[in-house]
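# Reading the structure
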Amino acid sequence: MITGAHVILYSNDADADRAFIKDVLGYPHIDAGGGWLLFKLPPAEVAVHPTEGKGQHELYLMCDDVHATVAELTAKGVEFAQPVTDQGWGQLCTIRLPGGGDLGLYEPRHPKAYEL
């Protein structure tokens, strides 16, 4: 039976992004060997969106209060690629990772599946 999910973020600077997730976001982790950190994620859910052509996969972190979370992360020196915008289904912004990638962060207005 399926017991979990493993998310992979590809990065141009994996060490910097690992340090960001460990030190700034504060996610608990294990070292799987050779510095390959695996992070415990908060509860999660998955959605399937329609697309034309080959699909892509995305990762968004969720929070209860996006403005408070943005303020807390900004105080830690986090850069945001996109400011908070109202998307109807939630308030969305984008974190710029040290490795150059972007990571979505949002406060959902929709029911949360992980609360089932």
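Summarised in this report is the structure supplied together with it.

Criteria and cut-off values
Residues numbered from 1 in each chain as written. Predicted model: local features only at pLDDT ≥ 70, side-chain atom pairs only at ≥ 80, totals over all residues. Heavy atoms only, no water. Phe/Tyr/Trp six-rings, centres within 6.5 Å; stacked < 30°, edge-to-face > 60°. Helix = DSSP H or I, 4+ residues; strand = E, 2+ residues; numbered from the N terminus. Buried < 20%, exposed > 50% of the residue type's maximum accessible area, 1.4 Å probe, protein only. Patch = residues over 30% accessible without salt bridge, like charges linked within 9 Å, V, L, I, M, F, W, Y side chains within 5 Å. Areas by Shrake-Rupley, 256 points an atom, 1.4 Å probe, with all protein chains shown as cover. Salt bridge = Lys/Arg side-chain N within 4 Å of Asp/Glu carboxyl O. Pairing = 2+ DSSP bridges. Axes fitted to C-alpha atoms, helices over the stretch in contact; angles between N-to-C directions. Polar contact = N/O pair within 3.5 Å; in protein donor to acceptor, adjacent residues only side chain to side chain. Contact = heavy atoms within 4.5 Å.

Here the focus is the packing of aromatic side chains. Summed over the entire model, instances satisfying the criterion amount to two aromatic pairs. Look at Tyr-60 and Tyr-106: their rings are 6.2 Å apart centre to centre, the planes differ by 85°, and that puts the pair in the edge-to-face class. Taken together, the positions of Tyr-60 in strand E3 (residues 60–62) and Tyr-106 in strand E6 (residues 102–108) put the pair 46 residues apart, joining distant regions of the chain. Judged by relative accessible area, which is 9%, Tyr-106 ranks as buried. Aromatic pair Trp-89 and Tyr-106: ring centres 5.1 Å apart, planes at 85°, arrangement edge-to-face.

Among the surface-exposed residues, Val-7, Leu-9 and Leu-41 lie close enough to one another that they form a single nonpolar patch of about 230 Å² accessible area. Within the secondary structure, Val-7 is located in the segment before helix H1 (14–24). Classification of Val-7 by relative accessible area gives partly exposed; the value is 42%.

Quick look at the sheet that holds strand E4 (residues 79–86) now. Read from one edge to the other, the open sheet built from four strands follows the order E3-E6-E5-E4, with strand pairing classed as mixed. With one partner strand each, in any of the chains shown, E3 and E4 form the two edges of the open sheet. Taking each pair of neighbouring strands and ignoring which way they run, the sheet shows an average axis angle of 20°. As paired elements, E4 and strand E5 (residues 90–96) share five bridges and run antiparallel to each other. Note that in E5 the partner of Glu-79 across the bridge is Arg-96.

Once that is clear, we can look at the side chain of Arg-18. Of note, Arg-18 is situated in helix H1. Within the structure, Arg-18 has its side chain in polar contact with the side chain of Asp-15 (distance 3.1 Å). Each residue touching Arg-18, except ones within four places of it in the same chain, is listed here: Gly-35, Trp-36, Leu-37 and Phe-39.

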